[in-house]
Amino acid sequence: MRRLRIPAVAAALCCAAVAAGCGLGPGSETGSATMSITRDYGALTVADSFDFEAKQSDTVLRVLDGNADITTRYGGRFVQSIGGIESGVRDGQRFDWFFYVNGVESSLGAADVSITDGDRIWWDYRDWNAAMRVPAVVGSFPEPFKHGFGGRQYATRIDCVGTMPPCQTARRALESEGVSAGVFSAGQAPGVDAESAPTLRVIVGPWSAVGRDRAAALIEHGPAQSGVFARFDGGKLVLLNARGQAAERFGSGAGLVAAVRLNEAPPTWIITGTDKAGVAAAAALFETSDLQDHYAVAATPNTAPEPLPVSPSGQP
């Protein structure tokens, strides 16, 4: 699919097309925000990412409608198509548009989500048969660490369950984005219940230790439960395709950067690997250039970072 810039829609045409999302609303500005539009788990760019100044009455739908050709459903509150790419069934697979604000999948329709300063809004068109929900993704880094989500900011902590160097790598990556994070080893701090702690956690260590965490353990149940298209099996990192099928396996030196969400708790980010080398390789990917517009990323020996899922099922 060729790279496509979607033209802005004039205000008058906007009102005729979508009553609920007519243009940009009035009111004072709340700050700067960014919107990007992709398809197939971020594999293809549909429209160039753009920055904008949000107004108090702006919603995610209003801004999208003011910058792209869209159609809606359910009374104009949910997006049916963007740039002619329409929700529906193809080859027995269901495709829809989903959106994330600061790396967290919205539980509300786009017409009901307001925009605040620093928000990174990401629309993605994907097959959802293997994972109806992907509650958290890494592709909006340094969000949600920098500005939080849902109108709330959170403290950040790094739970180090392996050797210290990869944990310090993660800390430095956050600090370079203006985010302070404490580093706690397993012996320094008690375990944290991810569902009740008002904290964004980054767990760093080998899967043999990370997998004991209640939130991280969702990965063991597959993408339908975790939203992560990878799993660990017999000391190997197994990468999955968009249908949830095993596509590649890696042993020593393989790592994973992913995010999960236990019920309605803040996301838990995971930097892990099959061994010490894999954890270090994953920690090295903890930056915008390697994570942007990806649901999760794998570090594999002697290859470039691999976005997940492998080989998305959607076709241009």
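This text follows the structure it describes.
All values derive from a computational prediction rather than experimental measurement.

Parameters and conventions
- Residues numbered from 1 in each chain as written.
- Predicted model: local features only at pLDDT ≥ 70, side-chain atom pairs only at ≥ 80, totals over all residues.
- Heavy atoms only, no water.
- Pairing = 2+ DSSP bridges.
- Helix = DSSP H or I, 4+ residues; strand = E, 2+ residues; numbered from the N terminus.
- Contact = heavy atoms within 4.5 Å.
- Axes fitted to C-alpha atoms, helices over the stretch in contact; angles between N-to-C directions.
- Disulfide = S-S within 2.5 Å.
- Buried < 20%, exposed > 50% of the residue type's maximum accessible area, 1.4 Å probe, protein only.
- Core = buried A, V, L, I, M, F, W, Y, C linked by side-chain atoms within 4.5 Å.
- Phe/Tyr/Trp six-rings, centres within 6.5 Å; stacked < 30°, edge-to-face > 60°.
- Lys NZ or Arg CZ within 6 Å of the ring centre and 35° of its normal.
- Expected span 1.5 Å × (residues − 1).
- Arc of directions from axis to C-beta.

## Here's the deal with the sheet that holds strand β4 (residues 78-82)
- Taken together, three strands build an open sheet; the order of strands is β3-β4-β5 and the sheet is antiparallel. The open sheet has two edge strands, β3 (70-73) and β5 (85-86), and neither has a second partner.
- Pairing of β3 with β4, which is carried by four bridges, proceeds in the antiparallel orientation. If you follow threonine 72 over to β4, its bridge partner there is valine 79.
- Sheet strands in contact with helix α2 (residues 60-67) are β3 and β4, and its direction is about 145° off that of β3.

## Quick notes on the state of the cysteines
- Here the structure, examined in full by the defined rule, presents one disulfide.
- Across the disulfide from cysteine 160 sits cysteine 167; the S-S distance is 2.0 Å. Its torsion about the S-S bond being 85°, the disulfide of cysteine 160 and cysteine 167 is classed as right-handed. For the pair shown, cysteine 160 and cysteine 167 are each scored as buried.

## Considering the nonpolar core
- Ranked by size, the top nonpolar core spans 35 residues in total, and within it Leu239, Leu256 and Leu308 carry the most contacts.
- Of all the secondary structure elements, the ones that give two or more residues to this core are α4 (207-210), β13 (230-233), β14 (236-240), β16 (255-260) and β18 (296-299).
- Of the residues forming this core, the biggest block, four residues, is contributed by β14.
- Filtering out sequence-adjacent residues up to four positions away, leucine 308 remains in contact with Phe229, Ala230, Leu239, Leu256, Tyr295, Ala296, Val297 and Ala298.
- Counting 31 residues, the second-largest nonpolar core is a separate cluster that includes Phe141, Phe149, Val183 and Leu285.

## Focus: the packing of aromatic side chains
- Per the counting criterion, the structure on display carries 18 aromatic pairs.
- Where tyrosine 41 meets phenylalanine 229, the ring centres are 5.3 Å apart and the plane angle is 75°; that geometry is what we call edge-to-face. Taken together, the residues tyrosine 41 in the loop between β1 (29-39) and β2 (44-55) and phenylalanine 229 in the loop between α5 (223-226) and β13 connect sequence positions 188 residues apart. Each of the two residues, tyrosine 41 as well as phenylalanine 229, counts as buried.
- Note on phenylalanine 95 and tyrosine 125: the rings are 5.6 Å apart at their centroids and 25° apart in plane angle, and the pair reads as stacked. Of this pair, phenylalanine 95 sits in strand β7 (residues 93-101) while tyrosine 125 sits in strand β9 (residues 120-127); the two residues are 30 residues apart in sequence, bridging distant segments of the chain. Tyrosine 125 carries the same exposure label as phenylalanine 95, and that label is buried.
- Directly above the aromatic system of phenylalanine 95 lies the positively charged group of arginine 90, at a separation of 4.1 Å from the ring centroid.

## Considerations on helix α3 (residues 164-175)
- Helix length check: α3 (12 residues) gives 16 Å between terminal C-alpha atoms against 16 Å at 1.5 Å per residue, within 8%.
- Listed as buried for α3 are Pro166, Cys167, Ala170, Ala173 and Leu174. What you see down the axis of α3 is that its buried residues fit within an arc of 120°, all on one side.
- Residues of α3 that are buried make contact with β10 (155-160), β11 (181-185), β12 (199-206), β17 (268-273) and α6 (276-283).

## So, the pairing of β7
- Counting buried residues in β7 gives eight out of nine residues, a clear majority hidden from the surface.
- Bridge count between strand β6 (residues 88-90) and β7: three bridges; the pairing is antiparallel. Residue pairing across strands places glycine 88 opposite phenylalanine 95, the latter belonging to β7.
- Following β6, the chain reverses through two residues before pairing antiparallel with β7; aspartate 91 in that reversal takes a positive phi of roughly 50°.
- Bridge analysis of β7 against β9 gives seven bridges, and the strand direction is antiparallel. Of the residues in β9, the one forming a bridge with valine 101 is isoleucine 121.
- Direction of pairing for β7 relative to strand β8 (residues 104-105): antiparallel, over a ladder of two bridges. Within β8, the position partnered with valine 101 by the bridge is valine 104.

No statement about biological role is implied by the geometric values presented.
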